[in-house]
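Below are the chains, spelled out letter by letter.
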Amino acid sequence: MGRIPDEIIQRVRDQADIVELVGRSVALKRAGRSYKGLCPFHDEKTPSFHVNPDRGGYYCFGCQEGGDVFSFLMKVEGLAFVEAVRSLARDLGIEVPETGDGESKAEPVYRATELAQETYRECYAASGNDAARYWEGRGLSPEDAELFEVGFAPDAWDTVAKALGAARIATAMGEQAGLLAPRQRGDGHYDRLRGRLTFPIRDARGRVIGFGGRALGEDQEPKYLNTPESPVFRKREAFYGLPAALAPIRQHDRAVVVEGYFDRIALARAGVEEALATCGTSLTEGHARQLRRRTRNVVLLFDGDEAGLRAMERSLEVLLPAGLRVRAGLLPPGADPHDLLTREGPEALRAVVEEAPAALDFTIERAVARGIDTPWAKADAVASVAPLLAAIPSGVERSEFSRRLALAVGTEPRHVDDAVRAASRGEDARDAVPVTPRSLGPEARKLDLLARCLVEHPALAERIAAEEGEALLPAGPQRELICAVLEAGADFDVARAADRLDPEATDLLRRLAVDDHALEAAAAARTIDDTLRWLRQQRVRARQRELTQRLRSESADAQAILTEKERLQREKQAISHRNPERPMGTPV
Ligand SMILES: [Zn+2]
C-alpha cells in the first residue's frame, strides 16, 4: 500500500484553514480566540462545538467529538484518511504523488459529473441551440447563463455517454452518477437528460453532485427532471444554490428557501444571494438540519393560494422543530419570483423577502378566516394551529405565538396553552383538558396565585413567616412549593427547587415559572396579604360550620358552643378590619 509522505500531510495540515473548512457546514461565530457553532455530529440547540484556528483543531463539549482538518473531513464526508488528505491537498493546490490507492469511491463519480457539466456547457456554447433560445426567451442574458453555469443536454441519446467514453470514465460510473441509464433491451447505456436546459447542483465544497433539467420541447414531460440519487447526490439534504449562497447566508444570517431553479436564480439576480432551492423534493428534516447549522433564520416564498399556503405549512412542520425562525413572503397571485422580477423589478422581489412576516401569522390568519363565529369553529381554529405551535422548541416563542392565536380567535391564552400541550402529546388538540383542573375552585386558584407571587418574589416569603401563614396552608403541591420558598427565602432558585420537589409540585413550579405576565412586587405583596386573610376567614368559617353541626347533637354543651361561636364572630371581624382601607374581595 502506498503512503502519502509525512511532509506532505504536514503541509496540507498547516495550510488548510480549519475555520473555513468547518464553516462550509457549520455557522461559526467568533468567541474570543476560537469559534463556536452547532455541532454537526450530534443534534443540539445551543452551540457546544468549538474550533480553534491556532491549534487547527475542533472539539465538541456535547459529544466529545474532536480532531483536526483531516478527521473533520473524514467524519463529515465519510472519507478514509488518505482520501481526506488528497481531497484537501487538491483544494490547496498541493501535489500528492500517485500511490495507486487512497482514492475515495466517490471520486470517479465526481469526475463523471464534472465532465457532464463541461459537456453540457460546451453544448450550450454552440450557436443556435434550444437551451439558449429558451433561456433568452425568458428574458435572461448570456452573461447570466455564464454566471449560473446553465447547460444544454441535446436531444440525443449518447452525448454524455460519448464524452465519458472519450475521457475513459467507465460507463458504470456514469450510471452511478445518475447521468446514464442502462438500455431496457440490449447492451449499452443512454443519457438520462435529453433535450433539456441543465442546472448543475453542487455540494458545499463546490463539486457537482447532480443536475436539474428543464424540458425544452412543448409537450415534453416531465417539465423538470433531476438526475436520481447517487452516492454523492442526496436529495433530502441537497440545495441548488450551494455553495454560492454560503457566504451570503453567513453575512445576512438568513437563508431564503424556494422550490425552483428559476426561483433561486431570480432571487440571486435581485441581489438576494442567500437563496437556496430544494431539488425536486419538498423540505425534509435533512434540509432543516443543513439550514440550522448555518443560520437560525429562514424566509420561505409562497403563492397566496390555498395550495401555496398548504405547502408553506408543510415546510413549517419540518423547519419549526429544528428551532428555525421562519418568515414567509407572499408572492402576488399566480406569480413566481422570476415573473415578479421581470414584471416589477428587483426592488419588488427584495421587498417580498425583506417584509416577510412570521410564517405562523399567515397560519393563524387562515385559521381565523375559516370562521370563528361558533364555539366549535373557535375550537377547530385553535386545534388546527396547535400542532405547529407545539413544534416550536423555544418556550418564549411558543407562548408569544399562542398569545397571538388566542387574541385572533378571541379566546383565553390558557385554553390555547392546553390545546398546545395536548398537541405536543400527539393528541387531538380539540380534546385538550387543562393540566391542573381549574374547576378546583377558588381555594386552588388563590393558592396557585400565592405560590406564583412567592416564586417571582421570594423575598416576600417573610410576610408569610411573620403571619404564621404556613399553618393556614392546606396540604398539596401548592403548600409544598410555598414551603420550599419559605425555606430558601430570597435565595430561592427555580432550577434547584425543581430537583427536590415531588413531581406534582415540580409541575406547578414549571407552569408558574414560564408564565410570562410579570407580577409587580407591590401587587404580589398585596396578593399575599389578601390570600392569607382569605385563608384565615376560611378557617373560621369551617370552624363555625362545625359548631353549628355540633349544636344539633343532643349531648352538646350548648352554652360552651355559643360562647365559642361568639368568639369566632369577633375573630372574623378582626380579620376583615385588619386592612380597613381595602375591603375584602378587592381584586388585585
Ligand atoms: Zn457534538
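Our structure is the block above this text.
What counts, and at which threshold
- Residues numbered from 1 in each chain as written.
- Predicted model: local features only at pLDDT ≥ 70, side-chain atom pairs only at ≥ 80, totals over all residues.
- Helix = DSSP H or I, 4+ residues; strand = E, 2+ residues; numbered from the N terminus.
- Rg over C-alpha atoms; globule rule 2.2 N^0.38 Å.
- Buried ≥ 20, exposed ≤ 12 C-beta atoms within 10 Å, placed from the backbone.
- Contact = placed C-beta atoms within 7 Å.
- Expected span 1.5 Å × (residues − 1).
- Pairing = 2+ DSSP bridges.
- Arc of directions from axis to C-beta.

1. Considering the overall build of the protein chain
When its secondary structure is counted, the protein chain shows 26 helices and 16 strands. Relative to the compact-globule value of 25 Å for 588 residues, the protein chain shows a C-alpha radius of gyration of 34 Å, a clear excess of over 25%. Split into buried and exposed, the 588 residues of the protein chain put 37% on the buried side. Counting contacts in the protein chain only where the partners sit at least 6 residues apart, residues at least 24 apart contribute 62% of the total.

2. Here's the deal with helix α20 (residues 442-456)
A rise of 1.5 Å per residue sets the reference length of α20, with its 15 residues, at 21 Å; its end C-alpha atoms lie 21 Å apart and thus fit the reference within 8%. Among all positions of α20, only L447, D448, L450, A451, R452, C453, L454 and V455 are buried.

3. Details of the pairing of strand β2 (residues 34-37)
Only one face of β2 is covered, namely the face carrying Y35 and G37; the face carrying S34 and K36 is uncovered. Here strand β1 (residues 29-31) pairs with β2 via 3 bridges, running antiparallel. When the sheet's bridge partners are listed, K29 is paired in β2 with K36. Turn length for the β1-β2 hairpin, with the two strands adjacent in sequence and antiparallel, is 2 residues, and the turn residue G32 shows positive phi of about 70°.

4. Describing the environment of V540
Here V540 is to be found in helix α25 (residues 521-551). Spatially, the C-alpha atom of V540 lies 9.7 Å from that of K565, the residues being 25 residues apart in sequence. Those residues in contact with V540 that lie beyond four places of it in its chain are L568, E571 and K572.

5. So, helix α18 (residues 395-409)
Along an α-helix, residues three or four apart share an orientation, since each turn contains 3.6 residues. Spanning 15 residues, α18 covers 21 Å between terminal C-alpha atoms, matching the ideal 21 Å at 1.5 Å per step. Within α18, burial applies to R398, F401, S402, L405 and V409. Projected onto a plane normal to the axis of α18, the buried residues spread over an arc of 105° and lie on a single side. Of the residues in α18, the exposed ones pointing more than 90 degrees away from the buried face are V396 and L407. Structurally, α18 contributes buried residues whose contacts are with α16 (359-369), α17 (375-390) and α19 (413-424). Of the residues flanking the end of α18, it is G410, one or two places downstream, whose phi is positive at about 85°.

Remember, this is a structural readout, not a statement about activity or role.
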